[in-house]
Amino acid sequence: MPLGSLPKGQINPFNLFTKRMRWTKTLIPTLKEDPADAESVSHKLMLRAGLIRKLSAGIYIYLPLGQRVLNKVVNIIRSEMDRAGALEVLLPALQTPELWEKTGRLKDMADIIYQFKDKSGKPCMLGPTHEEIITYLVANEVSSYRQLPVTLYQIQTKFRDELRPRFGIIRSKEFLMKDAYSFDADETGLNKSYQAMDQAYRRIFDRCGLNYKCIEGDSGAMGGHFSQEFMVPSPAGEDIFVTCSKCDYAATLMLVKCQPAPTGAKADKQPLKEVATPGTTTIEAVGKLLNVSAQQMVKTMICLAGEKPVAILLRGDHELNLSKLAKLYSGSLSGSELLPGIVGCPKGGTADWSFRMDHNRQASTAALLGEANITLAEPALIEKVTGGPLGFSGPVGLQSRNGVPIISGKGITIIADHAVMSMSNFVTGANKKDAHLLNVNLDRDFKPTHVADVRVVTEQDPCPVCQSPLKINNGLEVGHIFQLGTKYSKALEAMFLDEKGARHPVIMGCYGIGVNRIIAALIENAYDDNGIIWSTELAPYNVLIISINPADKTIAAVSTELYDQLTAKGIDVLWDDRDISPGVKFKDADLIGIPTIVTVGKGTIKDRTVDIKDRKTGRKQIVSFEKATDVIMTNV
RNA sequence: CGGGGCGUAGCGCAGUCUGGUUUAGCGCGCCUGCCUUGGGAGCAGGAGGUCGCCAGUUCAAAUCUGGCCGCCCCGACCA
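Presented here is a report on the structure given in the accompanying data block.

Thresholds, definitions, all that
- Residues numbered from 1 in each chain as written.
- Chains lettered and ligands numbered in written order.
- Predicted model: local features only at pLDDT ≥ 70, side-chain atom pairs only at ≥ 80, totals over all residues.
- Heavy atoms only, no water.
- Core = buried A, V, L, I, M, F, W, Y, C linked by side-chain atoms within 4.5 Å.
- Buried < 20%, exposed > 50% of the residue type's maximum accessible area, 1.4 Å probe, protein only.
- Helix = DSSP H or I, 4+ residues; strand = E, 2+ residues; numbered from the N terminus.
- Domains from an automatic or database assignment.
- Contact = heavy atoms within 4.5 Å.
- Axes fitted to C-alpha atoms, helices over the stretch in contact; angles between N-to-C directions.
- Parallel < 35°, antiparallel > 145°, perpendicular 65-115°, else oblique.
- Nonpolar A, V, L, I, M, F, W, Y, C, P; charged D, E, K, R; others polar.
- Salt bridge = Lys/Arg side-chain N within 4 Å of Asp/Glu carboxyl O.

1. Remarks on the nonpolar core
Right, so step 1: The biggest cluster of nonpolar side chains holds 64 residues, and the ones touching the most others in it are Phe205, Ile518 and Trp534.
Right, so step 2: Sorting elements by how many residues they give to this core places helix H2 (residues 64-83) first, with 8 residues.
Right, so step 3: Each of domain 1 (13-21 + 541-635) and domain 2 (52-210 + 485-523) contributes no fewer than three residues to this core.
Right, so step 4: Aside from chain neighbours lying at most four places away, what touches Trp534 is Leu51, Val69, Ile519, Leu522, Ile523, Ala539, Pro540, Ile592, Gly593, Ile594 and Pro595.
Right, so step 5: Listed in part, the 26 residues of the second largest apolar core include Leu91, Ile112, Tyr488 and Ala494.

2. Observations concerning the packing of helix H1 (residues 41-48) against helix H14 (residues 515-525)
Right, so step 1: Where H1 meets H14, the closest approach of the two axes is 8 Å, and the angle between their N-to-C directions is 105 degrees. On the basis of the axis angle, H1 is roughly perpendicular to H14. Touching Val41, Ser42, Leu45 and Met46 of H1 are Ile519, Ala520, Ile523 and Glu524, all from H14.
Right, so step 2: Of the residues contributing to the contact of H1 with H14, the split by class is 6 nonpolar, 1 polar and 1 charged.

3. Here's the deal with the pattern of salt bridges
Right, so step 1: Considering all chains together, one arrives at 33 salt bridges under this definition.
Right, so step 2: Arg207 is the partner of Glu80 in a salt bridge, and the nearest nitrogen-oxygen pair spans 2.8 Å. Linking Glu80 in helix H2 with Arg207 in helix H6 (residues 187-208), this pair joins segments that are 127 residues apart in sequence.
Right, so step 3: Relative accessible area serves as the criterion here: at 29%, Arg207 is assigned to the partly exposed category.
Right, so step 4: Lys432 serves as the salt-bridge partner of Glu274, at 3.1 Å between the closest nitrogen and oxygen. Taken together, the positions of Glu274 in strand E13 (residues 273-276) and Lys432 in the loop between strand E20 (426-429) and strand E21 (435-440) put the pair 158 residues apart, joining distant regions of the chain.
Right, so step 5: You can call Lys432 partly exposed: its relative accessible area is 38%.
Right, so step 6: Residues joined by salt bridges that share partners form a network here, namely Glu80, Arg83, Arg203, Arg207 and Glu537.

On their own, these measurements won't tell you what the molecule is for.
So, in structure tokens, the structure goes:
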């Protein structure tokens, strides 16, 4: 039915039972100005475009437009999970702590679990994640290899008492997660289930229109097992990951190995010399005072490995990687001999993707450390160990003071980073107040007990795969897939009988997606000065019809007919029927970011045409009534 | 949890330093009417505030003091 063919007042058959979505009848409270308490782009735009409102720190209301986007994300996830053969369930958000005590996570995650008692005094909690519950279910309902493999998933609200919620919905106390769990009889099965999820995730993020990168995740102390994180590059991202400028290598920052620097010919050893450096406690300050670069300095960091102090030596411009250090320890760092290039060989531990995901770096480090609980030493301990205050530590004389070993027994463990081994005549603290040493040299002045890769990789380091330059990026973690193993099945006795009647724990994988976060991530990736630019699949509506003067009968008739034709083709249409000045409507249209904007106004309808604008490119075309629907269809 | 900032109408802010000039103001939004309709129009009239909360100082407190609460940012891994 061509536009303009309906007599005035006639009811369109497509709309006998549905109401048109009029702007004046919905709730889209746009804001002209940036809200004072929003910082990140997505947070500002979500508030301004009327998607969300804040109830309290980290707790948000989804308005109609936001809820529509959320539903679109949920629908994509659901269809791809179903397609991959996963089965949807719904686990309780309200839980009891018993299962959590069994796996030890009630303690591990105590800081972030909302706990309370019901009126009978029974302990309750809100689920921060659901490994315990799903494993409980499978332990009870699955007992034979014939029932395996199975992958279950849910889309459920999680509650976490975050240390610091921020950036709107990017880190909130209550959020939607799609979490899936696979259960297999053997490793081969796990790999298959994992691959299926990997593929599903790529399809999901592709369909959402996200610019994402699949990176090697930190599988913590899980040994040969593997995890991948799906990162969306963004300055609002709280995770840091590394990509190679040439090859496909990409990994989370703390995981990237540093290669030992080439040991070239060393300079002649100059005589050791103490200099006064009053009040200069930082690498930067010492460098300035003594006019040496950070590369010429060695910083000495005192850590606590369990109860035992250990000194770490790093080049001045390098950062300690506690995660690597922890792995070194869980690989058992016990001998005191000089081992060239020991690198951790992880075993055991408490790696857990869902704990890591959406949790801050401190907590993730804690989770990784496991039994090898490694922390930075307090100033008092530094003084006790080194003899000098914080800021003046150094390796010289650390093993013994006045001929007496500082630590009873073999002396303190000194781990030097590879990069230190190629240095000579460097500057270190003198282990006493207001003094540093010049021309410190290995072997002559001190001997590290171990050499290892314990620092954070930099952009100056080569790609571990192809030696090309590396790039360090901020990113938002929107998904994480993980080969879990048997941690939960063992703890909660989720066992099955194999063909021969032998009992085994089921082998698990787990797979998470931050549903709300996808929305923020997309906005962080797609906006301009005027507002949001939605991808086709996530846009709350596909088409926005702006009637310049809706009181004009012809304009209203053309608008509604266009609306009905598009709706009949399955397009989600929003009709801006507000009787306000056109500028406001155009600004709002750009702000809420509907991909296709059709303007119906006096200027064009006299020629029986409408204006069709592509939000992303800004391209406008004038199209006849007859062709309007078809042209719009090619754009959605 | 440590550091910093903020809290005045639905939103964005001024006023606080130096107490009284304020019946607490401005812009946007909102309501009524007229007018206007292709990039945040115009005119006229109007509604809306326990100045975060509690206590104190004072003849007098948005303003000074103390406590509490809330919100935002940075940090919590770089000596």
